[in-house]
Amino acid sequence: PLGAVRHLLKDLKGKDISLETPAIANYTTGEVMGVSSDRLSAKFGVSRIEQDTFTVRSHTLAGKAHSDGWYDGEVIPYKGSTEENGIKADSTVEKVSKLKPAFIKPHGTHTAANSSFLTDGASASLIMSEAR
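This text gives an overview of the structure that appears in the document. (Residues numbered from 1 in each chain as written. Predicted model: local features only at pLDDT ≥ 70, side-chain atom pairs only at ≥ 80, totals over all residues. Heavy atoms only, no water.)

**Quick notes on the overall build of the protein**
Here is step 1: Assigned secondary structure in the protein consists of five helices and zero strands.
Here is step 2: Taken from N to C terminus, the helices and strands of the protein fall in the order α-α-α-α-α.
Here is step 3: Computed over its C-alpha atoms, the radius of gyration of the protein comes to 22 Å, more than 25% above the 14 Å expected for a compact globule of 132 residues.
Here is step 4: Taken over the C-alpha atoms alone, the protein extends approximately 70 × 45 × 25 Å along its principal axes.
Here is step 5: Considering the protein as a whole, with its 132 residues, one finds that 17% of them fall into the buried category.
Here is step 6: A sequence separation of at least 24 residues applies to 64% of the contacts in the protein between residues at least 6 apart.
Here is step 7: Roughly 11300 Å² of accessible area belongs to the protein as shown, and the carbon and sulfur atoms make up 59% of that amount.
Here is step 8: The averaged location of the 16 negative side-chain charges in the protein is 8 Å from the averaged location of its 16 positive side-chain charges. (Helix = DSSP H or I, 4+ residues; strand = E, 2+ residues; numbered from the N terminus. Rg over C-alpha atoms; globule rule 2.2 N^0.38 Å. Buried < 20%, exposed > 50% of the residue type's maximum accessible area, 1.4 Å probe, protein only. Contact = heavy atoms within 4.5 Å. Areas by Shrake-Rupley, 256 points an atom, 1.4 Å probe, with all protein chains shown as cover. Lys, Arg positive; Asp, Glu negative; His and termini not counted. Charge placed at Lys NZ, Arg CZ, Asp CG, Glu CD.)

Right, here's the structure in full:
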């Protein structure tokens, strides 16, 4: 058995078992999501003020939904809290319009306020009957 293990490991290199940091750039274009989004906003004529207005509306509605109890029982508590740290219910167009572009500088339209978190992501669920 030891010989078999050695045979399996003989061509193993350090990079094969090292941690790989996640890439935030699209592997086909090399662009990060914010740059692509800035490009698309320009192509389709979505202005900075339209993005900021939509951002404020989204944060306001999300804050209201939480305070009205729409998400009670839906958000799993972390350290005893169900408060989401990404919702800025007190946002105003005046506040977010002061932020500088985050991706295409100095003329881009995407900022820290009107872009998604870097921590946005995906999840998977396995749903099956209790009998299986």
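**Section: the pattern of salt bridges**
Between side chains of opposite charge, a pair can form when the charged atoms approach closely.
Here is step 1: Applying the stated criterion across every chain, the model contains four salt bridges.
Here is step 2: Measuring nitrogen to oxygen at the nearest pair gives 2.9 Å for the salt bridge that ties Arg 39 to Glu 31.
Here is step 3: We classify Glu 31 as buried; its relative accessible area is 18%.
Here is step 4: Note that Arg 48 is salt-bridged to Asp 52, the shortest N-O span being 2.8 Å. Of the two residues, Arg 48 and Asp 52 both sit in helix α4 (residues 48-67), four residues apart, roughly one turn of that helix.
Here is step 5: Since its relative accessible area comes to 19%, Arg 48 is described here as buried. (Salt bridge = Lys/Arg side-chain N within 4 Å of Asp/Glu carboxyl O.)

**Looking at unusual backbone geometry**
Here is step 1: With an omega dihedral of 5°, the bond running from Lys 105 to Pro 106 counts as a cis peptide bond.
Here is step 2: Note on placement: Pro 106 falls in the segment after α5 (93-96).
Here is step 3: Positioned with a positive phi, Lys 79 is a non-glycine residue whose angle comes to about 50°.
Here is step 4: Summarising the element assignment, Lys 79 is placed in the loop between α4 and α5.

**Regarding helix α3 (residues 33-44)**
Here is step 1: Along its 12 residues, α3 runs 16 Å from first to last C-alpha, staying within 8% of the 16 Å computed at 1.5 Å per residue.
Here is step 2: Restricting attention to buried positions, one finds in α3 the residues Gly 34, Ser 36, Asp 38 and Ser 41.
Here is step 3: Close packing links the buried residues of α3 with α4.
Here is step 4: Immediately downstream of α3, the backbone of Gly 45 shows phi near 70°, a positive value. (Expected span 1.5 Å × (residues − 1).)

**Some remarks on α4**
Here is step 1: In this model, α4 (20 residues) spans 29 Å end to end at C-alpha, consistent with the 28 Å of a helix rising 1.5 Å per residue.
Here is step 2: Considered for burial, the residues of α4 that qualify are Arg 48, Gln 51, Asp 52, Thr 55, Val 56, His 59, Gly 63 and Ala 65.
Here is step 3: In this structure, the buried side of α4 is in contact with α3 and α5.
Here is step 4: With its phi angle positive at about 90°, Gly 69 sits one or two positions after the end of α4.

**Regarding a nonpolar patch on the surface**
Here is step 1: A contiguous nonpolar surface patch, about 630 Å² in accessible area, is contributed by Leu 2, Val 5, Leu 8, Leu 9, Leu 12 and Ile 17.
Here is step 2: Per-element tally for the nonpolar patch: the top contributor is helix α1 (residues 2-9), with four residues.
Here is step 3: Position of Leu 9 among the secondary structure elements: in helix α1.
Here is step 4: Here Leu 9 falls in the partly exposed class, since its relative accessible area comes to 47%. (Patch = residues over 30% accessible without salt bridge, like charges linked within 9 Å, V, L, I, M, F, W, Y side chains within 5 Å.)

What is shown is where atoms sit, not what they do.
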